[in-house]
Amino acid sequence: MPISNELGNAIDAVVDGEREALAKLSGDIHSNPELRFEEHKAATWIAELLRARGFEVEHGLAGMGTALRARRGNPKGPRVAILGEYDALPDIGHACGHNLIAASAVGAFLAAASVADQVGGEVVFLGTPAEEGGGGKIRMIDAGLFEGLAAAMMFHPFDRDILAHPALASVWLAMTFRGAPAHAAAAPHDGASALTACMDAFRLIDGQRVHFRDGVRVHGYVTNGGQAVNIIPELAACEFSVRARTVEELARVRAIVERCASGAAMASGVKVEFVAREGYRDMRNNMTMARRFGAHLESGSSGRKARETDDRVGAGSTDMGDVSHVVPSIHPYLAIVDENEALCHQHRFAAASASDRGLATACDAAKALARTAVEVLSDEPLRRAMHEEWRAGR
Ligand SMILES: [Zn+2]
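Residues numbered from 1 in each chain as written. Predicted model: local features only at pLDDT ≥ 70, side-chain atom pairs only at ≥ 80, totals over all residues. Heavy atoms only, no water.

Peer 1: Talk me through the overall build of the protein chain; I want residue IDs and the actual numbers.
Peer 2: Secondary structure assignment for the protein chain yields 13 helices and 12 strands. Its C-alpha atoms give the protein chain a radius of gyration of 23 Å, near enough to 21 Å, the size a compact globule of 394 residues would have. The C-alpha extent of the protein chain, read off along each of the three principal axes, is 85 × 40 × 40 Å. Counting all 394 residues of the protein chain, 54% fall into the buried class. With the model as given, the accessible surface of the protein chain reaches about 16,500 Å², and the carbon-plus-sulfur share is 50%. Charged side chains of the protein chain number 42 positive and 51 negative; the gap between the two group centres comes to 3 Å. (Helix = DSSP H or I, 4+ residues; strand = E, 2+ residues; numbered from the N terminus. Rg over C-alpha atoms; globule rule 2.2 N^0.38 Å. Buried < 20%, exposed > 50% of the residue type's maximum accessible area, 1.4 Å probe, protein only. Areas by Shrake-Rupley, 256 points an atom, 1.4 Å probe, with all protein chains shown as cover. Lys, Arg positive; Asp, Glu negative; His and termini not counted. Charge placed at Lys NZ, Arg CZ, Asp CG, Glu CD.)

Take a look at the structure:
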């Protein structure tokens, strides 16, 4: 059952009333970019704003000083979490717009919390550090912070409005090749080149791309290319990121990549070692909830009509994928630039993340997230349908 107009208007009014505070928060975070796990200023500013509105804020959770939690309502009823990210990228700053994610999540939380006692259940704000390669949400899952939640939600800035976009399962593979050094002119026949094996690994992997399923990404770079021009390289190293739409395809492609590296090492008579760092899981968008978000987005003051999906645009990876495996989740994208004008991790996108249009989108997202959260709290059949879909996807 959709929420009443009265409730919807009350939610929108809170977001509108907080617009200046959200603009300041977003702007401050944008002009002070902090890398993963070091988002101390951002976390402090978010906590200060929530405390100023009368909330208790837990600061430092799951072993991370910059993780946050605030709550409002009855924890014995259904519980819904609204997630905020606030980490930046090296050199390029807030080119992923996480400052806007933080502002929208705080706005959505304040709005949903303002009616939580009326609808029953609990609204939870989770400040989740280190999305850019640190996996803060995974640590928070391991610490039990997502247990018992009916739903988790956030929004991400983009170049178009999409309710449910895939995110790829991923793993990082570091490879170290060890050969035998020799004088490269006087006695090359005595050496075994680790660099030759390293470069052959790239070529062999490229040759296997024809066997990858749609959506697979394998991209690498050389991290150690040898020691000196007159030494046959004793040591060479590279790192690959392997991504796929499902964890099953990821495991299959990872095995192919390792096989190629082993084959390359064998050809050069050198050894190879792998160190894997688990990446993120694929995003399982809960369509039941995503469509409700879309309906609220369209019926609200913004009137934005989002596409359900759009396979013309590529996908990255996010630790929200991991969350979606343990709780019914949504991760809709909303435009802060025109289509194809710029994408995440580009300089133009960093500029757009500080624009008025960026802030307006964060406020649109805050309203639709809050309305969706309140509807999930107040609608038991909806929660059941979301849970059924989530369980069927496992
Ligand atoms: Zn991002």
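Peer 1: Got a sec to walk through the packing of helix α9 (residues 287–299) against helix α12 (residues 356–378)? Specific residues and values, please.
Peer 2: Viewed as axis vectors pointing N to C, α9 and α12 meet at an angle of 125°, and their least axial separation amounts to 9 Å. Taken together, the axis directions place α9 and α12 in an arrangement best described as oblique. Handedness of the α9/α12 crossing: right-handed. Of the residues in α12, those in contact with M289, R292, F293, H296, L297 and S299 of α9 are D364, A365, A368, L369, R371, T372, E375 and V376. In terms of residue class, the contact of α9 with α12 is built from seven nonpolar, three polar and four charged. (Axes fitted to C-alpha atoms, helices over the stretch in contact; angles between N-to-C directions. Parallel < 35°, antiparallel > 145°, perpendicular 65-115°, else oblique. Left-handed = near helix turned anticlockwise from the far one by under 90°. Contact = heavy atoms within 4.5 Å. Nonpolar A, V, L, I, M, F, W, Y, C, P; charged D, E, K, R; others polar.)

Peer 1: Before we move on, could you go through the coordination of the zinc ion and cite the residues and values that matter?
Peer 2: Six octahedral donors around a metal ideally subtend angles of 90 or 180 degrees, whereas four tetrahedral donors ideally subtend 109.5 degrees. Taken together, C96 (SG), H98 (NE2) and H156 (NE2) make up the full set of protein donors to the zinc ion, lying 2.2 to 2.3 Å away. Within one chain, the residues donating to the zinc ion are spaced in sequence as C-x1-H-x57-H. For the pair formed by C96 and H98, the shared burial category is buried. (Donors = N, O, S within 2.8 Å, 3.2 Å for Na, K, Ca; no water.)

Peer 1: Describe the layout of surface pockets, naming the residues involved and giving the relevant values.
Peer 2: One number sums up the size of the largest pocket: a volume of about 880 Å³. In this structure, the largest pocket is lined by 32 residues; those nearest its centre are E132, R243, G316, S317 and H345. Breaking the lining of the largest pocket down by element, the ones donating at least two residues are β6 (156–158), β7 (169–178), β8 (217–224) and β9 (235–244). Split by residue class, the lining of the largest pocket holds 12 nonpolar, 13 polar and seven charged. (1 Å grid on protein atoms, 1.4 Å probe; cavity = no way out; pocket = protein on both sides within 12 Å on 5 of 7 lines; lining within 4 Å. Points joined across faces, edges and corners; volume = space filled by probe spheres on them.)

Peer 1: Pulling in residues and values, what's your account of the domain arrangement of the protein chain?
Peer 2: Looking at the protein chain, the domain boundaries give domain 1 (5–167 + 283–392) and domain 2 (169–278). If you average the C-alpha positions of domain 1 and of domain 2, the two centres end up 38 Å apart. Counting from both sides, the interface comprises four residues of domain 1 and, opposite them, five residues of domain 2. Taking both sides of the interface into account, the surface hidden between domain 1 and domain 2 amounts to around 460 Å²; carbon and sulfur atoms contribute 40%. Together, G133, A167 and S317 form the three largest contributors to the area buried by domain 1 at its contact with domain 2, with a combined 59%. In this assembly, domain 1 and domain 2 are joined by zero salt bridges. (Domains from an automatic or database assignment. Buried area = accessible area lost by both parts, 1.4 Å probe. Salt bridge = Lys/Arg side-chain N within 4 Å of Asp/Glu carboxyl O.)

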